[in-house]
Structure formats: structure tokens, C-alpha cells
Amino acid sequence: MSKNPLAAMLNGRRVAFAAGTGLILLITVVALLPQKAAAIPAFARKYQTSCATCHVAIPALTPFGEAFRQNGYRFPEGQDAEMTKSAPIELGAEGYKKLWPHALWPGEIPGMPPVAILYTSTMDYQHQGDVFTFGGMGGELEILAAGTLDEHFSFWGSVVFARDGEEIATEMERVNVQVRPFSTNVLQFKVGSFEPGIMLVSTHRSLMDQELWALTEPSGDNPWAPEAFQQGIEAYGTAGHRLLYNAGVVEGSGSVGDRSKDSYARLAYKFGGLAFDGAASASATGAANPKPWSEKSVAVSAFAYHGVSFLPNDVDISPKDVFDVFGGDVAIAFLDLTAHAGYSDRRDDRLFLDDPTITDAHTKNTFGEVYWVAYPWLVPSVRLESMKVIDQTAKQASFTINGLVRANVKTYLAANWVEEPGGKFINDGATLGLLVGF
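Residues numbered from 1 in each chain as written. Predicted model: local features only at pLDDT ≥ 70, side-chain atom pairs only at ≥ 80, totals over all residues. Heavy atoms only, no water.

**Some details on the overall build of the protein**
So, step 1. A tally of regular secondary structure across the protein gives 7 helices and 22 strands.
So, step 2. Within the protein, the fraction of its 438 residues that count as buried is 51%.
So, step 3. Within the protein, counting contacts between residues at least 6 apart in sequence, those at least 24 apart form 58% of the total.
So, step 4. Of the roughly 20,200 Å² that the protein leaves accessible, carbon and sulfur atoms contribute 63%. (Helix = DSSP H or I, 4+ residues; strand = E, 2+ residues; numbered from the N terminus. Buried < 20%, exposed > 50% of the residue type's maximum accessible area, 1.4 Å probe, protein only. Contact = heavy atoms within 4.5 Å. Areas by Shrake-Rupley, 256 points an atom, 1.4 Å probe, with all protein chains shown as cover.)

This is the structure we're talking about:
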């Protein structure tokens, strides 16, 4: 097996490219169409509000949207009942609480079906082979379900149907129930499958079309990466409004069914702007902000992750790799501009299946990205990242231009360049896409 792990990692990673002034012009023209606030997915229907309340552009969140997520999909500061426009269906009378344990504790379910649909179509140009394709047209349909069951329970689930040639592939990534024992978010639990709370950014809530290597790219022969999801239990919450913590025990990747479990912990603190739990300040007024993405803030985060993974093998007994990851990131928001940078250092006891002598192998990920809300309907973003496995480094530069036709209709043009170990930056691809939520 080759000892060039990054070259092997990047072999075949030819993401679509279709750059050109015609595509940029298409996005610009479409984005210039008149806009009207449109309610998308379940929460827009529940609160009868535009998705712009919580999203810079689907799926990236505004500070208020992040506070809504951290509150278990509820309006912060106890405002959820007041803001709800679609009344829930009560499962029992309020008086049953006084009869407990001789009666069922009353609950509730959403008054409207808490279901939403995201539709994605792309036109792609693959630089390698000089191939332009409509293979991504009508390529993905995601069914989402999310909501609250009462003040103590909430839920999230998604199923993705993706076209793979002439076949349809089905994926079920994040499906979980969230529990908060108290009426605040000082202590909450996620049970099921979810992305672990280790960084301020997630590929599930990114403006970039390209996945972030630090969260999604395995290293060597170890198949582990923190996202797209992990299965297990996570405790999380806020203290003093601005301190966020996460701690979890999960199955990991490549070790399902083994007695060992992965564990992680993270602490984050936010200076200025809207607090993590949505507590209003003089400089940030939550949903009432006419520019909900705009604030002046600095958030810092640090995490540690310990894991055990089997290295894929054709025999019954596979060798194990014990690894530890330490890292952190910082997000700086200044009005319409947001910058985000992060670093992680991963150490593996056995990174390669065919060479047990390679121990204490380090994988280092570094990234920096910036997005700018040029107009409420036009949000360009750029990212530069690197991944170093032992002594070999690969780099990637990406950009995504997001154009909002409506609050729930997004067009985007994405492209990236990759520098393989010992090589130079090569134009790797671009995609012109359409995302619709309803």
C-alpha cells in the first residue's frame, strides 16, 4: 500500500467545476429578482416567519438561529409559547400533572406536521476529463422532521434520497431526540445520531459547498471523521449565557459493536453580540434585528476527542488504532463580515494497516474562511485549508457564491483548487446549484 496518504485521499476527489462569466451572471441575475419573505420548512410554518430570521442563507445560521438551535428549537428567554402561531395539540389536561404518578404526565405534539423538504439540483463540470454533465439535476431530495414535543423534549430527523447514476441511494444521518430536564438550557441531552459539538462550525450549517476536511476527511487507513454524524449521547448547555459546553460518549467510526466507545468534550465562550442562549443585549436584539446576521462578537472554542477505531481488513481480526484529537477554533463577526479559523492536531497509535511500525503519527488540519453579506440576497464566501499527515501536506482553496432568489430558494456557484503533496494548485471543479426548501 502506498505511504502517500494524502495522495491516496485525494485520488478520485474530483469535484465538479464549471467556472465562467455566464454562470456568475446567471446567479447575479436570478438573485436580483424581487424577493418576498417566504416561510420554509416546519419552523417557518410554526412561527409564521421568514427563514431569514434564523438563516444567513440556507443552511448557515444567524446568531439568533444558533441560539434557537441551542435552545432545542425554541425561541430563547421563554418566548416560545408567545411566538408560536400554530398551536400544538395537547395530549392530556394540565390537571393530570397534579395526579402523577397516578396519571400520565400530559404532553403535546405539533399542531401541523413538522415536516419539510429540501430539493437540490446541480450542473457540473469535471475538470479532469473536461466533462460537463447534468448528472446532478434533480439529484437530491431531503425530508426533514423537527420540532418540540413540550417544554422538555424536541426532535430532529432527516432522510436523504440521492441519485447515483441510475440508482437511488438512501441515507439517514442525523436522527435524535433532545431532552432538557429543566425549563432552561443549562443542561440538555441529545440521544441518537448527531454531529458532535466540538467546533463552532459544522458542514451541516456551512455556506461553503465544499466539505471541511477538519470535520469530514479520514486520515490514513482509519475511517474515523467526526462528521457527518456520530451515534450516542451528548450532554450540552450554557452557563452564564455565554459559556457553552458539550460532552459526549459515542460509538465512533469503524468500531460499531466493539466494547470501546469514543468520548469528547468542548468549551466555548462568546464575547459581545447575541449570547449563545439568545439572551438579548444592547447590541443584539435577536429576531427583532433588521439585519439578523449582523453583530460584533468574538467566539472561541477548544475541544478534546479520544477514540478507538478498527482498521479495515479482509480477515476476521482487525488491528485497532487508538487516537486523540485536540483543537479549537475562533469566529469573529464584524457587522456584515464573519471570519472563522480553526486548528486540530490528531495523534494515531497505528494509522496504517500494512505498517505497524508507524506510531505516534500526527494529522494536522488548519483552515480559515470568510463570508460577507454583500446584500441580504448575495453572500460570497471563501476558504483556505490544509491537511498534513506526518510530513505530507495537501491544501485546498474554495469559494461559494450564494444568491437568494427568495428566502427559501438559493442558487450557488462553487469552485475549488487542490494542491496535492509536492504539487501545485490545480483547478479541481465547480458546481452551479439550486436549493429549494418548502
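**Some remarks on the layout of surface pockets**
So, step 1. The calculated volume of the second largest pocket comes to roughly 810 Å³.
So, step 2. Taken together, 43 residues form the lining of the second largest pocket, with Arg74, Asp80, Asp150, Glu151 and Arg180 sitting closest to its centre.
So, step 3. Those elements that provide at least two residues to the lining of the second largest pocket are α3 (41-47), α5 (80-83), β4 (107-109) and β7 (140-148).
So, step 4. When residues of the lining of the second largest pocket are assigned to their parent elements, the largest contribution, 4 residues, is made by α3.
So, step 5. Taken together, the residues of the lining of the second largest pocket break down into 15 nonpolar, 15 polar and 13 charged. (1 Å grid on protein atoms, 1.4 Å probe; cavity = no way out; pocket = protein on both sides within 12 Å on 5 of 7 lines; lining within 4 Å. Points joined across faces, edges and corners; volume = space filled by probe spheres on them. Nonpolar A, V, L, I, M, F, W, Y, C, P; charged D, E, K, R; others polar.)

**Description of the pattern of salt bridges**
So, step 1. Tallied over the full model, the rule gives 14 salt bridges.
So, step 2. Glu195 is the partner of Arg174 in a salt bridge, and the nearest nitrogen-oxygen pair spans 3.7 Å. On the criterion of sequence distance, the pair formed by Arg174 in the loop between β9 (167-171) and β10 (175-179) and Glu195 in the loop between β11 (188-194) and α7 (213-216) is long-range, its members being 21 residues apart.
So, step 3. A relative accessible area of 6% means that Glu195 is categorised as buried.
So, step 4. One network of salt bridges, with partners in common, ties together Asp324, Arg347, Asp349 and Asp360. (Salt bridge = Lys/Arg side-chain N within 4 Å of Asp/Glu carboxyl O.)

**Here we look at the environment of Thr62**
So, step 1. Tracing the backbone shows Thr62 in the loop between β2 (60-61) and α4 (63-70).
So, step 2. Thr62 sits 233 residues away from Glu295 along the chain, and the two C-alpha atoms are 9.6 Å apart.
So, step 3. The residues contacting Thr62, other than those within four sequence positions of it, are Ala52, Thr53, Cys54, His55, Val56, Pro292 and Trp293.

**Overview of the nonpolar core**
So, step 1. In terms of nonpolar packing, the biggest core is built from 16 residues, with Phe43 and Phe68 touching the most fellow members.
So, step 2. Elements with a contribution of two residues or more to this core: α3, α4, β5 (115-126) and β7.
So, step 3. With residues up to four places along the chain from it excluded, the contact list for Phe43 reads Gln48, Phe68, Tyr73, Ala146 and Gly147.
So, step 4. Membership of the second largest hydrophobic core comes to 15 residues, among which are Leu215, Val250, Phe303 and Tyr305. (Core = buried A, V, L, I, M, F, W, Y, C linked by side-chain atoms within 4.5 Å.)

**Comments concerning the pairing of strand β12 (residues 230-239)**
So, step 1. Taken together, the 7 bridges between β11 and β12 define a ladder with antiparallel strand orientation. Within the sheet, the bridge partner assigned to Val191 lies in β12 and is Ile233.
So, step 2. Relative to strand β13 (residues 243-250), β12 is paired through 8 bridges, and the arrangement is antiparallel. Counterpart to Ala235 in the pairing with β13 is Ala247.
So, step 3. Taking the residues that link successive antiparallel strands as the turn, the β12-β13 hairpin has 3 residues, and the phi of Gly240 there is positive, at about 60°. (Pairing = 2+ DSSP bridges.)

**Comments concerning the confidence of the model for the protein**
Interpreting fine coordinate detail is not advised for predicted regions of low pLDDT.
So, step 1. Mean pLDDT for the protein: 85, with 87% of residues reaching 70 or above.
So, step 2. Across residues 5-40, where pLDDT falls below 50, the model places 94 contacts with residues more than four positions away in sequence or in other chains.
So, step 3. Low confidence marks residues 281-287, where pLDDT is under 50. Its contacts with residues over four positions away, or in another chain, come to 10 contacts. (pLDDT = per-residue confidence, 0-100.)

**Observations regarding unusual backbone geometry**
So, step 1. A cis amide bond links Ile58 with the next residue in sequence, Pro59, at an omega value of 0°.
So, step 2. Looking at where Pro59 falls in the secondary structure, it is placed in the loop between β1 (55-57) and β2.
So, step 3. Pro101 follows Trp100 through a cis peptide bond whose omega is 15°.
So, step 4. Along the polypeptide, Pro101 turns up in the loop between α6 (96-99) and β4.
So, step 5. A positive phi is found at His241, a non-glycine position, where the angle reads about 70°.
So, step 6. Within the secondary structure, His241 sits in the loop between β12 and β13.
So, step 7. A relative accessible area of 44% places His241 in the partly exposed class.

**As for the packing of aromatic side chains**
So, step 1. Across all of its chains, the model carries 17 aromatic pairs by this definition.
So, step 2. Consider the rings of Tyr47 and Phe75, whose centres lie 4.7 Å apart with planes at 50°: the pair is tilted. Placement of Tyr47 in helix α3 and of Phe75 in the loop between α4 and α5 is noted, with a sequence separation of 28 residues between them. Judged on exposure class, the residue Tyr47 and its partner Phe75 are both buried. (Phe/Tyr/Trp six-rings, centres within 6.5 Å; stacked < 30°, edge-to-face > 60°.)

**As for the side chain of Asp321**
So, step 1. Looking at the element boundaries, Asp321 is found in strand β16 (residues 320-335).
So, step 2. This buried residue, Asp321, is left without a salt bridge; Arg346 holds the nearest opposite charge, at 4.4 Å.
So, step 3. Within the structure, the side chain of Asp321 is placed 3.1 Å from the backbone nitrogen of Asp349, a separation counted as a polar contact.
So, step 4. In this structure the side chain of Asp321 is engaged in a polar contact, spanning 2.9 Å, whose partner is the backbone nitrogen of Arg350.
So, step 5. Among residues more than four places away in sequence, those in contact with Asp321 are Asn222, Gly307, Val308, Ser309, Leu311, Arg346, Asp348, Asp349, Arg350 and Leu351. (Lys, Arg positive; Asp, Glu negative; His and termini not counted. Polar contact = N/O pair within 3.5 Å; in protein donor to acceptor, adjacent residues only side chain to side chain.)

**Things to note about empty space enclosed by the protein**
So, step 1. Under the criterion given, the structure shown has 4 cavities of 30 Å³ or more.
So, step 2. The computed volume of the largest cavity comes to approximately 820 Å³.
So, step 3. Lining the largest cavity are 45 residues, and of these Leu61, Glu66, Leu200, Val201 and Ala331 sit closest to its centre.
So, step 4. The element best represented in the lining of the largest cavity is α4, accounting for 5 residues.
So, step 5. Residue classes in the lining of the largest cavity are distributed as 24 nonpolar, 10 polar and 11 charged.
So, step 6. In this structure, the second largest cavity encloses a volume near 140 Å³.

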